[in-house]
Amino acid sequence: MEGVSGEVGDFKVTLLKKARYIREDKCTGCTTCVEYCPVMVPDPFNQEIGKSKAVHIYFSQAIPLITYIDQSCLYLKEKKCGICETVCENDAIDFRQKDQLDQINVGAIILAPGFEPYDPRVVTEYKYGIFGNVVTSMDFERLLSSTGPYEGEIRRPSDQRHPHKIAWVQCVGSRRVTPGNNSYCSAVCCTYTQKQVILTKDHDSSAECTVFHNDIRSYGKDFERFYERAKNLSGIRFIRSYVTISREDPVTKNVFIRYATPNGVVEEDFDLVVLSVGLNPPKYSKELAQKLGIELEEHGFSKTEPFNLIQTSRPGVFVSGTFQGPTDIPESVFTASGAVSQTGQLLKHRKGKLATERVYPEEKEVAKEEPKVGVFVCHCGANIGRVVNVPEVVEYASKLPHVVHAQEQLFSCSTDSAKQITDVIKEKGLNRVIVAACTPRTHEPTFRDSLREAGLNQYFFEFANIREHCSWVHSMEKEEATKKAKDLVRMSWARAVRLEPLGEYELQVNKTALVVGGGVAGMTTALSLAKQGHEVYLVEREKELGGIVRRLHYTLEGLDVQGFLRDLIKEVYAHPLVHVITNARILNATGYVGNFVTRVQSDGFVKEIKHGATILATGATEYRPKEYLYGQDPRVMTNLELEERLAKGDESLKDLNTVVMIQCVGSRNEERNYCSRICCSQSIKNALKLKELRPDVDIYILFRDIRTYGFREDYYRLASDKGIRFIRYEPQSPPLVGVTDEGTLRVTVEDEILGNQLEIDTDLLSLAVAVVAPEGVEETALKFNATVGLDNFYKEAHVKLRPVDFGTDGVFVCGSAHYPKHIQEVINQAYGAAGRAMTLLSKETVTASGAVALVDQNACISCGACITVCNYGAISFEETPKGKKARVNPVLCKGDGLCTTKCPTGAVQLQHFKDGQIMAQLDAAKGETDILAELDRAVGE
Amino acid sequence: MESVNLSEYKEIVEAIKESGAKTQRYCFQCGLCDTTCPWNRVRDFSIRRIVRQASFGLAEIENEEIWRCTTCGKCPQRCPRGVNQIEVGVGLRRLATQYGVFPNPVKPIKTIAAGLVAQGNPFGEDRTKRANWTQEIDVPPFEEGIEYLYFPCCYPSYDKRLKRVAMATAKILSATETQFGVIGEGENCCGESIRKAGDEELFRRLAKENIKNFIDAGVKKIIATSPHCYHTFKNEYPEFRVNFEILHVTQYLFGLLEEGKLKIKGQYNRRVAYHDPCYLGRHNDIYEEPREVLKRIPGLTLLELPDFREDSLCCGGGGGRIWMETPKEERFSNLRLQQAVEVGAEVLVTACPYCITNFEDGRVVLNLEDKLQIKDITEIVEEVM
Amino acid sequence: MAKVIELRQLHRLVTGKKYGDVMVLGGGISGIQASLDLANQGFKVYLVERAPSIGGHMAQLDKTFPTNECST
C-alpha cells in the first residue's frame with residue numbers, strides 16, 4: 001500500500017503489486033521449477049531454519065498455491081540461469097514482470113496488519129544468534145510442525161539431535177523497561193508456551209520441560225485448566241525466575257541457564273532453550289500510519305478511540321486484530337467481525353451493488369440414468385504422487401463398472417483442474433464424480449462447486465481420501481500404499497453409484513434481531529445492528545439498562561464509565577429501530593435460524609417477537625465471598641463495593657492509613673477453576689485511586705500472579721511507582737485474616753523472598769472476588785439451544801475461529817456471558833457479534849444442507865430415542881393419523897447421524913449417508929480377498 | 001518464619017528513602033538480578049532480597065550483606081523494572097555509616113576515610129608526595145593554558161605497581177606532544193568509591209575541593225587513568241554544576257592513533273585477553289576504543305574472555321570493596337584469571353587500577369606468576385611505540 | 001484452513017472493476033475473517049497482503065491453544 005487519499009466513503013488507495021515473476025493464471029503449482037532451481041535460500045516461512053529455492057511456493061497450503069520468485073534468483077540478479085523458464089510446461093515464468101502500481105477506490109478500510117515477532121537479536125542478553133541452541137518460539141513452532149524444516153521432528157540447530165531437556169524463557173522482549181525491550185506484556189506467550197510444552201511431550205513423552213517465568217498469565221477462557229494440564233504432566237517444571245542465559249558448553253553445545261530460587265541461584269544446562277518472544281507492532285507500522293494518516297499509540301500500535309478500539313483516529317479506517325495491541329486469535333477474529341459491523345454502519349447503502357451473486361446452470365435430471373462415473377486422481381504435487389503410483393490407480397479405476405472416465409491431475413483443487421472437471425462432466429455426460437485426493441474438510445466445497453457449474457446435483461460428488469488416509473501415513477510403503485489407494489477408490493465407487501440427488505433448503509430470513517441482556521455488550525450490539533437498518537428487540541431482566549457496568553465508575557486508564565454508559569443508554573433509547581423491554585422474562589423460544597419466535601413477558605404483558613438472529617449478552621456478576629470475614633466485619637468489602645465508595649467520594653477513605661487487597665478470592669480454585677481476568681487490573685485501578693486521594697496511604701496487594709496483560713502492564717509498574725506494594729502468596733498458604741483483641745483487622749501473609757511472615761494491620765480489606773455467570777444462565781441457554789461450558793459461561797462454536805457463534809445457527813454470544821472481560825473487550829466483542837449476525841440478517845434466504853436425517857414414519861415406533869439423543873433439538877413428535885411420530889426439522893438438523901444409531905427400527909435415515917450407501921462402501925473394502933474368511937482363520941488360530 | 005508487623009517498620013521505610021534508596025519500589029521479584037550477580041558464582045548472595053527488604057523497611061544494616069555489592073552494574077543494566085540496585089545498596093550503606101555500624105570485614109573503611117580526610121588519598125600517604133611518581137620522568141605541573149590535566153588516580157600516584165601505569169601514560173602523552181600537566185599536591189581522590197561505600201559527606205568534601213582546585217588552576221579537559229575517576233568526573237561532578245571535558249586514557253589513545261599522532265613502531269607478539277572494567281564498559285559504554293587500540297598493535301593476538309563487554313565479570317574492586325576484606329575463595333578476580341588462562345592468554349590487559357590491583361594479587365594467590373602477566377593498556381602501548 | 005477455502009469460494013464474487021466497498025489490509029486470520037464477513041454481506045472487498053500468500057503468522061503456528069487444534 002503506497003498511499004491513501006480522499007475520505008470516508010471515497011478513499012483512493014494506491015497499491016504496489018510486487019512482481020511475482022510468475023503468471024498467476026498459468027502456474028499450476030506443479031513445482032517442477034522448484035526442483036530444477038539451483039539457488040538454495042533460507043526458507044522464510046520456516047524461520048530460515050530449513051532451505052528453500054529462489055523459486056518456490058511460500059508454504060504447502062499457500063493461497064494462491066503457486067510459486068513466486070525471490071530476489072535471490074540468479075536471473076534477477078545477474079541475468080544468468082533461467083532454467084525454470086525452460087522446464088515450465090505451462091509457460092508460467094515471466095521475468096519481464098514489473099512491480100505494478102494500481103489504484104482502487106473503496107468506501108472504507110480495515111487494517112489487519114498483525115504483528116511482528118520480537119527479534120531477540122536486538123539485545124545480546126538473550127544470546128539468540130550467539131549460542132546455536134537458543135531458538136525463538138516462532139522457530140520452535142516450525143520445528144514442531146509436520147510441514148516444518150524437519151517434518152515435525154524436533155531437532156536442535158547445533159547437531160540436529162533430538163533435544164530432551166528443554167527450557168522456555170518467558171517475557172523475552174516483554175515486560176521490561178530496558179532498552180530494546182517492550183514495557184507491555186505480550187499477552188499470548190504464557191499460553192503458547194504451555195501449548196509448546198504439551199506438544200513437546202506428545203513428541204517425546206520423556207522430555208523434560210522447564211518454563212522460567214515471573215507470573216503465569218492464564219487469563220483467557222479455559223487457559224487456567226490448560227495451565228494445570230501442562231503443569232501436571234510428568235517432567236514439567238514451572239520455575240518463577242527470570243534468567244541469565246550464561247554460557248554454552250564448548251563440547252556438547254548445551255546452554256547453561258542461571259535462575260534464582262529463594263534458596264539461591266542455580267545453574268543448569270539444557271539441550272535447547274526456547275525464547276518465548278513477544279509481539280511487536282507490525283514492522284512497517286510507522287510507515288503505514290503515515291500513509292494512512294492515522295495516529296499510533298506510544299508503543300507503536302494503532303491509536304484508537306477510548307471506548308471503541310476498532311475505530312482509528314481517521315474516520316472510515318478501522319482496525320482489527322493485534323494492531324489494536326497484543327491479543328490472541330479469538331480476539332483477532334471477533335474484532336475483525338466487529339470492524340465489519342462498523343464498516344456496515346457506514347456503507348449499508350452500498351451493500352450488494354458492486355458484488356454479484358453467482359448464477360449456476362440449471363440442474364439436470366440424471367437420477368434415473370445409468371451411473372456414469374468419472375474418477376479424478378490427484379498427485380497433490382508430490383504429496384500423493386511421491387508415494388502412490390497415480391497412473392496405476394487411474395488405470396485400475398478405469399476398469400471398474402460404470403466408470404466412463406478416469407484421469408490423473410497434478411492438483412485437482414487448482415482453478416484450472418477444477419474447471420477441467422466441469423468440462424469433462426459436460427463433455428462425457430458424467431453423473432457421478434469421484435475425486436481421489438485429500439479430505440472433504442478442505443476441498444469438498446470446491447468440487448461440489450465444479451459439479452454445480454456443470455449442472456449436476458452436488459450430492460453426486462464423492463471424495464476418496466488418498467492423502468491423509470494413505471500417502472501421508474504410508475510414505476515408506478509405496479506398493480502397499482498404491483494398493484490401499486485402489487481399495488479406497490473402489491470403496492468410493494461403491495458408494496458413488498448409490499448416491500442420490502438431494503435438494504437444499506432455502507429459508508426466508510426475518511430481518512429482526514433479538515438481543516438478550518441490556519448491558520454494555522447487548523446495547524452495543526443492538527445499536528450496531530440498528531444502525532445497519534435492522535429492527536432490534538433488546539430485552540433486559542432488570543428495571544434499567546446497563547448491567548454490571550452500572551457499578552463501574554472508571555477504568556484503569558482513567559476513563560469515565562458512567563458518562564459513557566449514560567450516553568450509550570440515551571443513544572439506545574433514541575434509536576427508532578431499537579425496542580427496549582426491561583423487567584423482562586423470556587418465557588420460551590422456538591424456531592430456527594432466520595425464523596425464531598420468542599415470547600417475552602414484562603410488566604404484565606407478553607410480547608411475541610419474530611426474529612432472524614439472537615444474540616445472548618446476559619453478562620456476569622460478582623461472587624459473594626464467604627472468605628476473609630466478608631459480611632462479618634464492615635472493614636471487609638469487595639472491589640466493586642470499594643469502587644462505589646470511591647466514586648461516591650466517601651470522605652472516610654481519606655483517613656485510611658493502610659489498605660490491603662487480596663486477589664483471586666473465589667477464582668482459580670477447585671470450585672471455579674478459572675481466572676476472572678479483570679480483578680488484577682481492578683485492584684490496581686482502585687489502589688491508584690486511593691493513592692490519588694491520599695498519597696501516603698500504605699497499600700498492599702496480595703496476589704498469586706499479577707495478570708495485567710497487554711498495555712495494562714504499564715499500570716502495574718505505575719502502581720509500584722506510586723509505592724503500592726505487592727506480596728505474592730501461594731494457594732497452599734493463603735493470607736490469614738483476623739481481628740485482634742484490640743479490634744485491629746490483621747492480615748498475615750508469608751513472603752518467600754523476605755523469608756518473613758508479614759503482619760499487616762489494616763483499616764480496610766478489599767477482596768478481588770471472582771466474576772461469575774448470573775443465575776439462570778443454563779435455563780436461558782436451554783431456551784435458545786445454546787450451550788454453557790464448565791464454568792457456566794456460554795460455550796462458543798469454536799474457541800478460535802468462531803468465537804461469537806454458537807453451534808446453533810443464528811445464535812450469537814458476546815460480553816461477559818462468554819467470559820469475564822474488560823469493558824473495551826466487551827465492546828469489541830459486541831461489535832463482533834453484530835458483524836456475525838449481519839452475515840445472516842443481510843441475506844434474504846439461508847440454505848440448509850440436504851444431508852439431513854429423515855424419518856420413515858411408518859417404521860417409527862414412537863420410542864423417542866432419537867429425540868433424546870439429538871443435540872440440536874431437531875427432532876420432535878408430531879401428531880399423525882397413526883399417532884405421535886418423530887419428525888426431523890431439516891433446518892435444525894446438523895446431519896451428525898446420532899439419531900440413526902439410536903433408532904431401534906432403522907426408521908431414521910441420514911440422507912447422503914444411508915445404510916445402503918455405507919454398507920456398499922464397507923463391502924467394497926473386502927475387495928478380492930474375503931475378509932470373513934480371514935477372520936475365521938484368525939479365530940481358529 | 002519470623003513474624004514481623006509491618007506497622008512497626010514504617011519509619012525505617014521512610015528513612016531508607018531519605019538516604020537515597022528509592023527505586024526498590026519498582027521491584028517485581030523476578031530474580032534476574034540474582035542470576036546475573038557475580039557473587040552467586042562464589043557464594044550465595046541475594047541483592048533481590050536486599051532490595052525487597054529495603055522496600056519493606058526490613059533492611060539489616062548491621063549485616064555484612066549490604067556491603068557486598070561491588071556496584072559492577074550488571075543487575076541494573078538488565079533489571080526489567082528499572083530498579084537501580086546500586087543506589088539502593090548505597091542508600092543502605094549511608095544509613096549504616098550514619099549509625100556507625102561496620103561489620104568486621106568492612107572496618108578498614110574507617111581508616112580509609114580517615115586517610116581521605118587527612119591526606120586526600122585512601123592510604124593516608126603524605127599529600128605532598130602525590131606527584132612523586134613523576135620524579136624519574138619529566139612531567140610538567142599543570143598551569144593555566146595547558147590543554148589537558150592528567151589525573152592519574154590515587155593508586156597510580158602512590159602504589160608501587162601502579163606508578164608504572166602513570167609513568168607509561170605520561171611517556172605516551174609526552175611522545176605524542178600532548179600538552180598536559182599534573183596538579184599533584186592540590187589533588188584529591190575523586191571520591192567515587194567512598195561515595196559508594198556510603199560516606200556521602202566525605203565524597204562531597206573531596207569533590208568540592210577538587211573542583212575548586214581544578215577551577216583555580218584553569219582546568220578544562222581531563223585525561224583519567226581510572227574508569228572510576230572518569231565516571232565520577234563525567235557523571236557525578238555535574239551535580240555540582242561543573243562540566244569538565246573528560247576523556248578516559250583509552251579514548252585519548254584511540255584518538256591519537258586515528259589522527260596518526262601515535263606511531264606504533266614495535267611488535268607485541270603475545271596472546272592478550274582484554275578485561276572490560278565495569279566502570280569503563282557497563283557504566284560508560286566504552287567497549288570499542290580499548291579494543292581498537294589493541295587491534296592496531298602488530299603481533300598482538302587479541303582474545304575475548306568468556307564474559308565480555310556487557311557481560312564482563314567484575315574484578316571485585318568496585319563499590320569500596322577494594323578496601324574491604326574478601327576471603328580468597330570468594331574473589332571474582334581469581335575466576336577472571338582462570339578464564340584468561342583457559343582462553344590461552346599470556347597477558348591479561350585492562351584499563352583500571354582496581355582491576356590491576358586485584359589481578360596482581362590473584363596472580364600470586366593462584367601461582368600464575370609464570371603463566372600470566374597483568375598489564376594496563378598504556379603499558380603495552382608504551383612498550384611498542 | 002477452512003477459512004481460506006471459504007474465501008476461495010467467494011473469490012469470484014469479489015473480482016471485477018477497480019471499485020470496491022472495502023479494502024482489508026493484511027491477510028492474516030483477522031484480515032481473512034473481515035474479508036469473509038464483508039463478502040458474505042454483499043460487500044466487494046480488496047484483500048491486500050504483503051507476503052506471497054495469505055495466512056499470516058497463524059499459518060506458521062503448528063497448533064493453537066487451548067485446544068491444540070491444527071492451525072492451518
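Residues numbered from 1 in each chain as written. Chains lettered and ligands numbered in written order. Predicted model: local features only at pLDDT ≥ 70, side-chain atom pairs only at ≥ 80, totals over all residues.

Colleague: Help me out: how do you make sense of the overall build of chain A in this one?
Modeller: Across its full length, chain A holds 24 helices and 47 strands. Relative to the 2.2 N^0.38 estimate, which gives 30 Å for 941 residues, the radius of gyration of chain A is 31 Å and therefore close to what a compact globule would have. Its C-alpha atoms give chain A principal-axis dimensions of about 95 × 85 × 75 Å. Taking all 941 residues of chain A together, 51% fall into the buried category. Within chain A, contacts between residues separated by at least 24 positions form 69% of all contacts whose residues are at least 6 apart in sequence. (Helix = DSSP H or I, 4+ residues; strand = E, 2+ residues; numbered from the N terminus. Rg over C-alpha atoms; globule rule 2.2 N^0.38 Å. Buried ≥ 20, exposed ≤ 12 C-beta atoms within 10 Å, placed from the backbone. Contact = placed C-beta atoms within 7 Å.)

Colleague: Before we go on, may I ask you to explain the overall build of chain B in this structure?
Modeller: Helices and strands together make up the secondary structure of chain B, namely 16 helices and 9 strands. Dimensions of chain B along its principal axes, counting C-alpha atoms only, are 70 × 50 × 35 Å. Expressed as a percentage of the 385 residues in chain B, the buried residues total 56%. In chain B, the proportion of contacts linking residues at least 24 apart, taken out of those at least 6 apart, comes to 79%.

Colleague: Can you help me understand unusual backbone geometry in this one?
Modeller: Backbone geometry follows two general trends: most residues other than glycine have a negative phi, and most peptide bonds adopt the trans configuration. The peptide bond linking Phe65 of chain C to Pro66 of chain C adopts the cis configuration, its omega dihedral lying at -5 degrees. Looking at where Pro66 of chain C falls in the secondary structure, it is placed in the loop between β3 (63-64) and β4 (69-70). In this structure, Lys127 of chain A takes a positive phi of about 60 degrees despite not being glycine. Inspection of the secondary structure puts Lys127 of chain A in the loop between β9 (116-117) and β10 (134-136). On the basis of neighbour counts, which here come to 23 C-beta atoms within 10 Å, the residue Lys127 of chain A falls in the buried class.

Colleague: Could you clarify how one ought to interpret helix α16 (residues 639-648) of chain A in this entry?
Modeller: Spacing of three or four residues puts side chains on the same side of an α-helix, whose turn is 3.6 residues. All names here are of chain A. For α16, the complete set of buried residues consists of Asn639, Leu640, Leu642 and Glu643. Along the axis of α16, the buried positions cluster into a sector of 155 degrees, meaning they face one direction only. Its buried side turned inward, α16 meets β32 (621-622), β33 (636-638), α17 (679-693) and β40 (764-769). (Arc of directions from axis to C-beta.)

Colleague: What's the story with the interface of chain B and chain A in this structure? I'm lost.
Modeller: Many structure descriptions define interface size as the accessible area lost when the parts assemble. Contacts between the two partners involve 32 residues from chain B and, on the opposite side, 34 residues from chain A. Taken together, the elements giving at least two residues each to the side of chain B that touches chain A come down to β1 (2-5), α2 (32-36) and α3 (47-56) of chain B. The element that contributes the greatest number of residues to the side of chain B that touches chain A is α3 of chain B, accounting for 6 residues. In the side of chain B that touches chain A, the residues fall into 11 nonpolar, 11 polar and 10 charged. (Nonpolar A, V, L, I, M, F, W, Y, C, P; charged D, E, K, R; others polar.)

Colleague: Even after reading the chapter, I still don't get the packing of helix α14 (residues 332-342) of chain B against helix α15 (residues 353-365) of chain B, so can you show me in this structure?
Modeller: When two helices pack together, their arrangement is captured by the angle between the axes and the distance separating the axes. Residue and element names in this part refer to chain B. Between α14 and α15, whose axes approach to 9 Å, the crossing angle comes to 75 degrees. When the axis of α14 is compared with that of α15, the two are roughly perpendicular. Contacts from Ser333, Asn334 and Leu337 of α14 reach α15 at Asn358, Phe359, Asp361, Gly362, Arg363 and Val365. Per-class residue counts for the contact of α14 with α15 are 3 nonpolar, 4 polar and 2 charged. (Axes fitted to C-alpha atoms, helices over the stretch in contact; angles between N-to-C directions. Parallel < 35°, antiparallel > 145°, perpendicular 65-115°, else oblique.)

Colleague: Honestly, the pairing of strand β25 (residues 513-516) of chain A in this entry has me stumped. Any pointers?
Modeller: Walk down a regular strand and you will see the side chains alternate between the two sheet faces. Residues and elements named next belong to chain A. Alternating positions in β25 separate into two faces, Ala513 and Val515 on one and Leu514 and Val516 on the other, with burial throughout. Sheet analysis places β25 next to strand β26 (residues 536-539), joined by 4 bridges and oriented parallel. Along β26, the bridge assignment pairs Leu514 with Tyr537. Each parallel crossover has a hand, and the one from β25 via helix α14 (residues 520-531) to β26 is right-handed. As judged from the 4 bridges shared by β25 and strand β31 (residues 613-616), these two strands associate in the parallel manner. Following the sheet pairing, Val516 is matched in β31 by Leu616. (Pairing = 2+ DSSP bridges. Right-handed = clockwise from strand over helix to strand, strands pointing away.)

Colleague: What am I meant to see in the nonpolar core here?
Modeller: A general trend in soluble globular proteins is that nonpolar side chains are found buried together. All names here are of chain A. In this structure, Val273, Ala436, Val489, Ile615 and Ala837 are the most contacted members of the largest nonpolar core, which totals 425 residues. Ranked by residues supplied to this core, first place goes to helix α20 (residues 823-841) with 11 residues. In this structure, Val489 is in contact with Val375, Val393, Tyr396, Ala397, Ile434, Ala436 and Ala464, ignoring residues within four places of it in sequence. (Core = buried A, V, L, I, M, F, W, Y, C linked by C-beta atoms within 7 Å.)

Colleague: What am I meant to see in the interface of chain A and chain C here?
Modeller: Tallying the contact residues gives 71 residues for chain A and 55 residues for chain C. Here the element with the most residues in the side of chain A that touches chain C is helix α8 (residues 329-347) of chain A; it accounts for 11 residues. Looking at the side of chain A that touches chain C, its residues break down into 36 nonpolar, 23 polar and 12 charged. With 4 bridges connecting them, strand β8 (residues 108-111) of chain A and strand β1 (residues 22-25) of chain C associate as parallel partners. Bridge pairing in β1 of chain C links Ala108 of chain A to Val22 of chain C.

Colleague: I would appreciate a short explanation of the sheet that holds strand β30 (residues 605-611) of chain A in the present structure.
Modeller: Strand pairing in a sheet relies on backbone hydrogen bonds. The paired strands run either parallel or antiparallel. Residues and elements named next belong to chain A. With antiparallel pairing, 3 strands are arranged side by side in an open sheet as β28-β29-β30. With partners counted over all chains shown, the strands left at the sheet margins are β28 (584-592) and β30, one partner each. Here the strands of the sheet are splayed against their neighbours by 15 degrees on average, with no regard to which way each runs. Pairing geometry for strand β29 (residues 595-602) and β30, over 7 bridges, is antiparallel. The residue bridging Thr598 from the neighbouring strand is Ile609, located in β30.

Colleague: When you look at the domain arrangement of chain B in this model, what are you seeing that I'm missing?
Modeller: Residue and element names in this part refer to chain B. Splitting chain B by domain gives domain 1 (6-105), domain 2 (109-254) and domain 3 (263-384). The gap between the C-alpha centroids of domain 1 and domain 3 is 29 Å. Across the contact, 13 residues belong to domain 1 and 17 residues belong to domain 3. Each residue belonging to the side of domain 1 that touches domain 3 can be placed in one class, and the counts come to 6 nonpolar, 4 polar and 3 charged. (Domains from an automatic or database assignment.)

Colleague: Just checking my understanding: could you explain the sheet that holds β33 of chain A for this structure?
Modeller: Residue and element names in this part refer to chain A. One open sheet holds the 5 strands; their spatial order is β33-β40-β34-β35-β36, and the pairing between them is parallel. Only two strands of the sheet have a single neighbouring strand rather than two, namely β33 and β36 (725-728). Averaged over neighbouring strand pairs, the angle between their axes works out to 25 degrees when direction is ignored. With 3 bridges joining them, β33 and β40 adopt parallel strand pairing. Bridge pairing links Thr638 to Leu767 in β40.

Colleague: Sorry, what's going on with the environment of Gln267 of chain B here?
Modeller: With respect to the helices and strands, the residue Gln267 of chain B is situated in the loop between α12 (249-259) and β6 (271-274). Separated by 225 residues in the primary sequence, Gln267 of chain B and Val42 of chain B place their C-alpha atoms 38 Å from one another.

Colleague: Help me understand the pairing of strand β38 (residues 745-751) of chain A, please; the structure alone is not making it clear to me.
Modeller: Residues and elements named next belong to chain A. Only one face of β38 is buried: it carries Leu745, Val747, Val749 and Asp751, and the other face, with Arg746, Thr748 and Glu750, is open. By the bridge criterion, 4 bridges tie strand β37 (residues 736-739) to β38 in an arrangement that is antiparallel. From the neighbouring strand, Gly738 faces β38, where its bridge partner is Arg746. The loop that links β37 with its antiparallel partner β38 comprises 5 residues; one of these, Gly743, has a positive phi angle of about 90 degrees. Pairing of β38 with strand β39 (residues 756-762) involves 7 bridges; the strand directions are antiparallel. Bridged to Val747 within β39 is Ile760.

Colleague: Sorry, what's going on with the environment of His203 of chain A here?
Modeller: Residues and elements named next belong to chain A. Structurally, the position occupied by His203 is in helix α5 (residues 189-203). Note on His203: 13 C-beta atoms within 10 Å, which makes it partly exposed. For His203 and Trp493, which are 290 residues apart along the polypeptide, the C-alpha to C-alpha distance reads 37 Å.

Colleague: Is there a simple way to explain α14 of chain A in this structure?
Modeller: Residues and elements named next belong to chain A. Taking 1.5 Å per residue as the helical rise, α14 with its 12 residues ought to reach 16 Å, and the 16 Å between its terminal C-alpha atoms agrees with that figure. Of all 12 residues in α14, 12 are buried, a share of seventy percent or more. For α14, the complete set of buried residues consists of Val520, Ala521, Gly522, Met523, Thr524, Thr525, Ala526, Leu527, Ser528, Leu529, Ala530 and Lys531. A positive phi of about 90 degrees marks Gly533, the residue just after α14. (Expected span 1.5 Å × (residues − 1).)

Colleague: So what exactly am I meant to see when it comes to the packing of α14 of chain A against α20 of chain A here?
Modeller: Residue and element names in this part refer to chain A. Contact pair α14 / α20: the axes reach a minimum separation of 8 Å and the direction vectors enclose 40 degrees. In terms of orientation, α14 lies oblique with respect to α20. The element α14 and its partner α20 pack so that their crossing is right-handed. Counted together, Val520, Ala521, Thr524, Thr525, Ser528 and Leu529 of α14 and Ile823, Val826, Ile827, Gln829, Ala830, Tyr831, Ala833, Ala834, Ala837 and Met838 of α20 form the full contact between these two elements. Each residue belonging to the contact of α14 with α20 can be placed in one class, and the counts come to 12 nonpolar, 4 polar and no charged. (Left-handed = near helix turned anticlockwise from the far one by under 90°.)

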